[in-house]
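The primary structure of each chain is shown beneath.
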Amino acid sequence: MRRTLPIVLMALMAGTVLPARALEGPIPAKPGETATAPAASAKPRVVIVATGGTIAGAGADAANSATYQAAKVPVDKLIAAVPAIAQVADVRGEQAFQIASESFTNAQLIELAKKVSALVKRDDVDGVVITHGTDTVEETAYFLDLVVRTDKPIVMVASMRPSTAISADGALNLLDAVTVAGANDARAKGVLLTMNDEIQAGRDTTKRVNIKPSAFFSQWGPLGMVVEGKTYWFRAPVKRHGTTSEFNIDGIDSLPEVAIVYGSGNMHPEPYTTAVAGGAKAIIHAGTGNGSVAGYLVDTLKDLRSKGVLIIRSSRVGDGFVLRNAEQPDDKYDWVVAHDLNPQKAKILAAVALTKTQDSKELQRIFWEY
Ligand code: GLU
């Protein structure tokens, strides 16, 4: 504290917004990590890994808030466009990809996770920010949450408007993400997403709106907010993640195929059987209501299960959670329920879990715990 105080006073006199770490001192060593013990005045060291999306998008005109090309602006330009970042952290950028996020493949997910895993092992990295398209940022966030074994903050960031638009949201979202990535109090909270002043849990957050900045939502509420360079927390995740996860990207080199079949009235068996013929090892049934299965489809799903395909009941509703043995006798059919995970998140967890087990009871345990 003796060393910190004059710097805090100097910074306050200069009107500088201090990162949380500068106020709280060096990051304590965790088991398996080397104590970095930098000078108390040092800014947190944050790496911004860029993957594309609207946050790196550019439109022809400032009025183009929805018509533009995603994934155009390189990471160094993104950083240079927000000079306030330099007051918050020492940052450097790495361009991992330059893609719209609907084009992410499993191979790219794995490549990104391995890159992030390597970064967070470094003593000279305190946190990582990942710029991403909004379309699938919820999947990437949950994947990293499951497989990167760290307590260091990993913060996803995206925007709904390209940088060239009036009232673009990317600059503040990026500044907020760097703030959170450098904050001591963001450690061990799982992979996070900062957008629209909110700090969302990567596990829970989902894109709900396709056209305005308040696009992301979690049915359990955001974990906190970031306002004027300071984090405010209101809840913490209870599901396993990071250092408490049994999964580790360092041992994962491919992911098995998992297919989602969307529930509606008047369905046919072919979407299920075709997915399995195409290599799916598990089916996420995005059922109506409580993950319901039409009576005329039950035999198809029972038959696929008897051939070794895992059947996971999720819901197309979005909120709530699928109850085991309600609507369908899961114990009897040896099916799994996705708990509160939406179908796209259930797909990620199933793929990760299947790298370790094919056992339906183990899979159900994993769905309860993560
Ligand atoms: N579809 C593009 C993507 O996900 C742009 C959407 C966005 O980033 O908001 O990268």
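Residues numbered from 1 in each chain as written. Predicted model: local features only at pLDDT ≥ 70, side-chain atom pairs only at ≥ 80, totals over all residues. Heavy atoms only, no water.

Caption draft 1: The arrangement of the packing of aromatic side chains in detail. Following the criterion strictly, the structure yields three aromatic pairs and no others. Seen in terms of ring centroids, Phe-97 and Phe-104 are 5.7 Å apart; in terms of plane orientation they differ by 90 degrees. Their pairing is edge-to-face. Relative accessible area serves as the criterion here: at 10%, Phe-97 is assigned to the buried category. Relative to Tyr-370, the ring of Phe-247 has its centre 5.2 Å away and its plane inclined at 50 degrees; by these criteria the two rings are tilted. Linking Phe-247 in the loop between β10 (230-233) and β11 (258-262) with Tyr-370 in the segment after α12 (360-369), this pair joins segments that are 123 residues apart in sequence. (Phe/Tyr/Trp six-rings, centres within 6.5 Å; stacked < 30°, edge-to-face > 60°. Buried < 20%, exposed > 50% of the residue type's maximum accessible area, 1.4 Å probe, protein only. Helix = DSSP H or I, 4+ residues; strand = E, 2+ residues; numbered from the N terminus.)

Caption draft 2: Inspection of the nonpolar core at higher detail. Residues Ile-130, Phe-143, Val-147, Ile-312 and Phe-367 are the most contacted members of the largest nonpolar core, which totals 57 residues. Considering each element in turn, this core owes the most residues, eight residues, to helix α11 (residues 343-354). Among all residues touching Phe-143, those that are not within four sequence positions of it are Leu-109, Ile-110, Ala-113, Ile-249, Leu-255, Ile-348 and Val-352. Within the second largest apolar cluster, 29 residues are counted, among which are Ala-50, Val-155, Leu-192 and Val-226. (Core = buried A, V, L, I, M, F, W, Y, C linked by side-chain atoms within 4.5 Å. Contact = heavy atoms within 4.5 Å.)

Caption draft 3: Focus on a nonpolar patch on the surface. There is a patch of nonpolar side chains on the surface, built from Met-225, Val-227, Tyr-232 and Phe-234 and spanning about 380 Å² of accessible area. Locating Tyr-232 in the fold gives a position in strand β10. (Patch = residues over 30% accessible without salt bridge, like charges linked within 9 Å, V, L, I, M, F, W, Y side chains within 5 Å. Areas by Shrake-Rupley, 256 points an atom, 1.4 Å probe, with all protein chains shown as cover. Salt bridge = Lys/Arg side-chain N within 4 Å of Asp/Glu carboxyl O.)

Caption draft 4: Geometry of the packing of α11 against α12. One can describe the packing of α11 onto α12 by two numbers: an axis separation of 10 Å at closest approach and a directional angle of 130 degrees. Our classification of the angle between α11 and α12 gives oblique. Along this stretch, α11 crosses α12, giving a crossing that reads as right-handed. Touching Ala-346, Leu-349, Ala-350 and Ala-353 of α11 are Leu-363, Ile-366 and Phe-367, all from α12. (Axes fitted to C-alpha atoms, helices over the stretch in contact; angles between N-to-C directions. Parallel < 35°, antiparallel > 145°, perpendicular 65-115°, else oblique. Left-handed = near helix turned anticlockwise from the far one by under 90°.)

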